[in-house]
Amino acid sequence: MTTGWRPTRALGRALAVGLAVVAVGVASGRGDLVVVAVPLLGAAIWSVVTRPRTLPRVAASLDRLTVHEGESFTWRLDVEPVPGLREVVGHLPSDRWSRSTPAHGHVAASSDGVPRSEMVPVGVRLDARRWGQRRVGPAQVAAFGDLGGMVWTDAAPRQDVVTAIPRPGHFSSRAGLPHPSGLVGAHRSNRQGSGSELADLRPFRTGDRLRRINWPVSLRTGTLHVTTTHADQDAEVRLVVDALRDVGVPDPEAGRGSSLDIAVDAAGALTAHYLSTGDRVGLSVLGGTLLEVPAVGGHHQLTRVLTALGRTAPSGGSLREERALGAQLRRAVPPGAVVVILSALVSAEPLAHAVRLARSGHVVIVVDTLPPHLATPDAAPEDVTAATGIEDRRTASLAWRLRLLEREREARRCAEAGVPVVPWGADGAIDTVLRGIARRPRTAGAAR
C-alpha cells in the first residue's frame, strides 16, 4: 500500500542521540560533547529540510513474457526521480523454479546523474530453471531522501505471468507410421500414385504421363512401358498428455523430474521428430489446463505445441475440470490417426480412453512416464513419501507397492486390448511397436 514520505529510524536515532549528547555536554560543561553532536543534528536537519515533497511514479515491467527453459529474463522497475530523491531499492521475491541475480533479490540504484525527464531504472535478472508458468511479483520498492533520513515505500501490485517453454527431448525413429492417410508426406502408401519409390513396370495405358515412360525397357520389348511408384502420404499423430496427477518431485540440480516433466519432454521430442518427417501433430492435455492444439504440419507447429506444453499444469481436482475432462474424452479422433498417450499409469481415465480408441480401430500406444526411481518397490523412502503424500514411511511404502501392483494390472489389461505399453527412453521400443502395428490388419474387427 502506498504511503507518504516518513522519517526513518536512522533519522530518529540521529536526533535522539544528538539531543542527548548536547544535553549531557551542556549539563556537564563539556564543549567537546556538543561538538560531537553537531554532525548528527546537522544531518538530521538537512534530511528534513531537503525531504521530497511529492510521491514518485513507479512502473514495473518484464522484457519478455515467453522464454525457453534455462533462459533468462529481466524484471525492471522504473521510478520517477522527484526532487529530493536520492536512492531507490527494489526487492523481487523468487520461487523454487526461478533463480534471481542477485540471489537475495534486492537491487539498488542512485538518482545522481539521471535527468528529470527520465526514470531511475532498477532491474533483477531471473533464470527459468524449469518449464511452466511463473508468476513474477508483487515487488517491493523503497525510495530514500538525502542521507537516508526520509523513506517512501510501495508494494507494486502488478503480477506478470512468464511462460517457460520446455526444450524438446531427443527422439529418433526409423519405423514409419502405420496406415498413413494424408495426401503428401514421407510414408509409403499401400496404393500406387505419384511418389519416389519404385513399385512396378507395366505396359503403357491411356492416361499415363509421358515422363513415366521407361525408354530402355520400351526399346527392348518393342512396346511402351511405364514406371509406377508408390504414393507418398503423411500421417497424423495425436499426443495425449496425462496431467491428472504429477508423480514425483522435480529436482533440476540432480537431473530428476516428475512424471509430468517426463511426459512434457517426451511430447516435445515426438513432436519435433514427426514434424521433421512431414507428418501432422496435434496435442491434447488431460487435466489441469485442458489444452487442445489442432493437428497440422510445418515448423510453426512445434512452437505452438511447446508453448501449450509450457502452460500445462497438474489437475486441481475441481468439478469444472472433471466436466471438461469428460467432454474432452468424448471428442472424436480422426480415422487413421496414431494416438500416443503419455501417462504415469496412475489414473484410470487415460487408460480407459486408450482401450476405447483401440476397440474403435485406432492405433494407440501408451508411453509410461513414471520416473525410473519410483518404478521399483525399493524406491527411496523420501521419494515414496513425496509421491504418496503419507508421512509415515512404512505406510507410504506399503501404499506405493499396492499402487505399483495396480499399475501392472492396468498395463496388462491394455496389452490384452491390443494397446502396447512402452517405457519412455527405452531404445527402439517405440520402433518395435510401430513395426508390429504396421503388420496388423486395418479393420477394427480384425484388430480386436
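Residues numbered from 1 in each chain as written. Predicted model: local features only at pLDDT ≥ 70, side-chain atom pairs only at ≥ 80, totals over all residues. Heavy atoms only, no water.

## Some details on the overall build of the protein chain
Of the regular secondary structure elements, the protein chain holds eleven helices and 20 strands. Taken over 448 residues, the protein chain has a buried fraction of 44%. Long-range pairs, those at least 24 residues apart, make up 72% of the contacts in the protein chain between residues at least 6 apart in sequence. Per element, the accessible surface of the protein chain, about 23200 Å² overall, is 55% carbon and sulfur. (Helix = DSSP H or I, 4+ residues; strand = E, 2+ residues; numbered from the N terminus. Buried < 20%, exposed > 50% of the residue type's maximum accessible area, 1.4 Å probe, protein only. Contact = heavy atoms within 4.5 Å. Areas by Shrake-Rupley, 256 points an atom, 1.4 Å probe, with all protein chains shown as cover.)

## Things to note about the pairing of strand β12 (residues 160–165)
Extensive coverage of β12 is indicated by the burial of five of its six residues. Pairing geometry for strand β3 (residues 66–68) and β12, over three bridges, is parallel. Its bridge partner being in β12, His 68 is matched across the sheet by Ile 165. Here five bridges tie strand β9 (residues 132–136) to β12, and the two strands are oriented antiparallel to one another. In the strand pairing of β12, Val 136 is matched with Asp 160. (Pairing = 2+ DSSP bridges.)

## Overview of the confidence of the model for the protein chain
Any residue range with low pLDDT should be treated as having predicted coordinates unsuitable for detailed reading. When the pLDDT values of the protein chain are averaged, the result is 82; 89% of them are 70 or greater. Confidence drops under a pLDDT of 50 for residues 443–448, and excluding neighbours within four residues, the segment shows six contacts in the predicted structure. (pLDDT = per-residue confidence, 0-100.)

## A closer look at the sheet that holds β3
The strand order β3-β12-β9 describes an open sheet built from three strands, whose pairing is mixed. Bordering the open sheet on either side are β3 and β9, each of which pairs with just one other strand. Taking each pair of neighbouring strands and ignoring which way they run, the sheet shows an average axis angle of 30°. (Axes fitted to C-alpha atoms, helices over the stretch in contact; angles between N-to-C directions.)

## So, the packing of aromatic side chains
Going through the model one piece at a time under the given rule, you end up with three aromatic pairs. With centroids separated by 6.2 Å and ring planes inclined at 45°, the aromatic side chains of Phe 171 and Tyr 274 adopt a geometry described as tilted. Remark: Tyr 274 occurs in helix α4 (residues 259–276) and Phe 171 occurs in the loop between β12 and β13 (187–203); sequence separation between them is 103 residues. Here the aromatic residues Phe 171, Tyr 274 and Trp 424 are joined through ring pairs into a cluster of three or more. (Phe/Tyr/Trp six-rings, centres within 6.5 Å; stacked < 30°, edge-to-face > 60°.)

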